[in-house]
Amino acid sequence: IQCEECTDSTNRVLKELAKNGAKEGQAVLANEQTNGRGRLGRYFFSPKDRGIYMSVLLRPDDKAYEMAPLTAWVAVAVANAIEAVSGVRPGVKWVNDLILNGKKICGILTEMYLKGDSIDHVIVGVGVNVNTKSFPTDLVDKATSLFMECGKHLNKDDLIVEIVDAFMIEYERFLRKG
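For clarity, every value in this text was computed on a predicted model and none was experimentally measured.

1. Section: the nonpolar core
Formed by 35 residues in total, the largest nonpolar core has its most connected members in I52, L70, V78, V126, V128 and L159. Looking at this core, the elements with two or more residues in it are strand 2 (27-30), strand 3 (51-58), helix 2 (70-86), strand 5 (97-100), strand 6 (103-115), strand 7 (118-129) and helix 4 (156-176). Ignoring any residue separated from it by four or fewer positions in sequence, one finds L159 in contact with I52, A81, I82, V85, V128, V130 and L146. Counting residues in each nonpolar core, the second largest holds 8 residues, with A18, A22, V28 and Y113 among its members.

2. Brief notes about the pairing of strand 7
Of all 12 residues making up strand 7, 11 are buried, and the element is well covered by its neighbours. As paired strands, strand 6 and strand 7 are joined by 10 bridges and run antiparallel to one another. Opposite L109, over in strand 7, you have G125 as the bridge partner. Counting the residues between successive antiparallel strands, the hairpin from strand 6 to strand 7 contains 2 residues, one of them, G116, with a positive phi of roughly 70°.

3. Quick look at the sheet that holds strand 5
Strand order in the open sheet made by the 7 strands is 1-2-3-7-6-5-4, with mixed pairing throughout. Looking at which strands have only one partner, the edges of the open sheet turn out to be strand 1 (2-4) and strand 4 (91-93). On average, adjacent strands in this sheet sit at an angle of 20° to one another, irrespective of strand direction. In this sheet, strand 7 lies alongside strand 3 in antiparallel orientation, the contact comprising 8 bridges. Counterpart to S55 in the pairing with strand 7 is G125. Set on the sheet, helix 1 (residues 10-19) makes contact with strand 1, strand 2, strand 3, strand 6 and strand 7; between it and strand 3 the angle comes to about 25°. Most of the contacts of helix 4 go to strand 3, to which it runs at about 30°, and overall it touches strand 2, strand 3 and strand 7.

4. Considering a negative patch on the surface
A contiguous patch of negative charge, built from D157, D158, E162 and D165, is present on the exposed surface. Within the secondary structure, D165 sits in helix 4.

5. Concerning the pairing of strand 5
In this structure, strand 4 lies alongside strand 5, joined through 3 bridges in antiparallel fashion. Bridge pairing in strand 5 links V92 to L98. Between strand 4 and the antiparallel strand that follows it, strand 5, lie 3 residues; W94 among them carries a positive phi value of about 55°. As paired elements, strand 5 and strand 6 share 4 bridges and run antiparallel to each other. Each bridged residue has a counterpart across the sheet, and for L98 the counterpart in strand 6 is C106. Taken together, strand 5 and the strand that follows it, strand 6, pair antiparallel across an intervening segment of 2 residues, in which N101 is found at a positive phi of about 50°.

6. Some points on the state of the cysteines
Here, disulfide denotes a covalent bond that connects the sulfur atoms of two cysteines. For the structure on display, the rule yields 0 disulfides. Note on C6: no disulfide assigned, nearest cysteine sulfur contributed by C3 at a separation of 14 Å. For C6, a relative accessible area of 37% puts it in the partly exposed group. Summary of cysteine pairing: C150 is not part of a disulfide, and the nearest cysteine sulfur, belonging to C106, is at 14 Å.

Rules used throughout
Residues numbered from 1 in each chain as written. Predicted model: local features only at pLDDT ≥ 70, side-chain atom pairs only at ≥ 80, totals over all residues. Heavy atoms only, no water. Core = buried A, V, L, I, M, F, W, Y, C linked by side-chain atoms within 4.5 Å. Buried < 20%, exposed > 50% of the residue type's maximum accessible area, 1.4 Å probe, protein only. Helix = DSSP H or I, 4+ residues; strand = E, 2+ residues; numbered from the N terminus. Contact = heavy atoms within 4.5 Å. Pairing = 2+ DSSP bridges. Axes fitted to C-alpha atoms, helices over the stretch in contact; angles between N-to-C directions. Patch = residues over 30% accessible without salt bridge, like charges linked within 9 Å, V, L, I, M, F, W, Y side chains within 5 Å. Areas by Shrake-Rupley, 256 points an atom, 1.4 Å probe, with all protein chains shown as cover. Salt bridge = Lys/Arg side-chain N within 4 Å of Asp/Glu carboxyl O. Lys, Arg positive; Asp, Glu negative; His and termini not counted. Charge placed at Lys NZ, Arg CZ, Asp CG, Glu CD. Disulfide = S-S within 2.5 Å.

Listed below in structure tokens is the structure:
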């Protein structure tokens, strides 16, 4: 795991590491992102000390068309981890967002890079609003955090460990297609 105090985007950092031969399982974790991204190039609010901003590198042997369900498997893993640490179970929306009480608590960004018609690597980025106490005006009606929903500060490190463990379990299941 490469830890960054602040970066523009963990997915971008990991993309560079992948180009330079990083192995499957390489992860980048940041305490803050200045240009966190979501699906369709949307901005992901990533304030310092308040959330989990991480990306993981995968190098699966599967064909590109077989990778479509991967994001859903990641969503299940993150939902399992959140429930284990916080006691609340988020729902899955559009397979790349986790929601609580109708508001986004987590975003997942999966980016696939090809070499010809086969997969070179996949980067899975996960952003979780953990201890965020407030959001910018344009996100107030759309986003929430575990702190806001549970009423207590949660240990980010405990949640990171749970996410990584749950992710590895679900990824192994995904590779076995079962």
